[in-house]
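Structural overview
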Amino acid sequence: QVQLVESGGGLVQAGDSLRLSCAASGRTFSRTAMAWFRRVPGKERDFVATISWSGSLTEYADSVKGRFTISRDNSQSMVYLQMNSLKPEDTAIYYCAAATLMSNKESEYPYWGQGTQVTVSS
């Protein structure tokens, strides 16, 4: 079992930065791949980034490459998403997710947080 709680969302202007945090609990965290997805109300969740259990491998959606960075601190049971150069189209609810392997598919993540709202004004 893995429990996830996101935080760090807020209202910012285009070009600003935010750092999202995901606090994880459960004995499997250090060997679990993690990911961030995002969803606009009324739409399906879209992949943002994923990171391997060791933190050595990462993958990003094309829309966020060069702007977002996913990282993890297994000693603190935390996963982060550093978001720079934010754009209005980044506005969404951001979700933290956990799985046994890295993936960009929502269906392959059995564990999810409650989400944190990010709003980017123009």
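These lines cover the structure that appears in this document, whether it is placed above or below. (Residues numbered from 1 in each chain as written. Predicted model: local features only at pLDDT ≥ 70, side-chain atom pairs only at ≥ 80, totals over all residues. Heavy atoms only, no water.)

Attention now goes to the state of the cysteines. In the structure shown here, the tally under the stated rule is 1 disulfide. Here Cys22 connects covalently by a disulfide to Cys96, the sulfurs 2.2 Å from one another. Disulfide Cys22-Cys96: torsion about the S-S bond near -85°, hence left-handed. In this pair, Cys22 is assigned in strand S3 (residues 18-25) and Cys96 in strand S9 (residues 92-99), connecting sequence segments 74 residues apart. Note on accessibility: Cys22 and Cys96 belong to one class, buried. (Disulfide = S-S within 2.5 Å. Helix = DSSP H or I, 4+ residues; strand = E, 2+ residues; numbered from the N terminus. Buried < 20%, exposed > 50% of the residue type's maximum accessible area, 1.4 Å probe, protein only.)

Further remarks concern unusual backbone geometry. Backbone geometry at Ser77 places phi at a positive 55°, although glycine is not the residue there. Relative to the helices and strands, Ser77 resides in the loop between strand S7 (68-73) and strand S8 (78-83). We note that Ser85 has phi near 50°; this positive angle belongs to a residue other than glycine. Topologically, Ser85 is positioned in the loop between S8 and S9.

With the rule as written, the count across this model stands at 4 salt bridges. Put simply, Glu106 and Arg45 hold a salt bridge, and the shortest N to O gap is 2.8 Å. A residue pair is termed long-range when its members are at least 10 positions apart, and Glu106 in the loop between S9 and strand S10 (111-112) and Arg45 in the loop between strand S4 (33-39) and strand S5 (46-51) qualify at 61 residues. We classify Glu106 as partly exposed; its relative accessible area is 30%. Looking at Arg45, the relative accessible area reads 17%, which means it is buried. (Salt bridge = Lys/Arg side-chain N within 4 Å of Asp/Glu carboxyl O.)

This next bit is on the pairing of S8. On a regular strand, one side chain projects to one face of the sheet and the next to the other, so that they alternate. For S8, the buried fraction is high: 5 of the 6 residues fall into the buried class. Bridging between S3 and S8 involves 6 bridges; their strand directions are antiparallel. Counted as the bridge partner of Ser21 is Tyr80 from S8. Relative to S8, S7 runs antiparallel, the two being bridged by 6 bridges. By the bridge assignment, Ser71 is partnered in S8 with Tyr80. (Pairing = 2+ DSSP bridges.)

The subject of this paragraph is the packing of aromatic side chains. In this description, an aromatic ring pair is defined by two values, namely the gap between the centres and the angle between the planes. Summed over all chains, the structure comprises 5 aromatic pairs. Here Tyr95 and Trp112 contribute two aromatic rings whose centre-to-centre distance is 6.5 Å and whose plane-to-plane angle is 80°, an arrangement assigned as edge-to-face. Of this pair, Tyr95 sits in strand S9 while Trp112 is found in strand S10, placing the two residues 17 residues apart along the sequence. Judged by relative accessible area, which is 6%, Tyr95 ranks as buried. (Phe/Tyr/Trp six-rings, centres within 6.5 Å; stacked < 30°, edge-to-face > 60°.)

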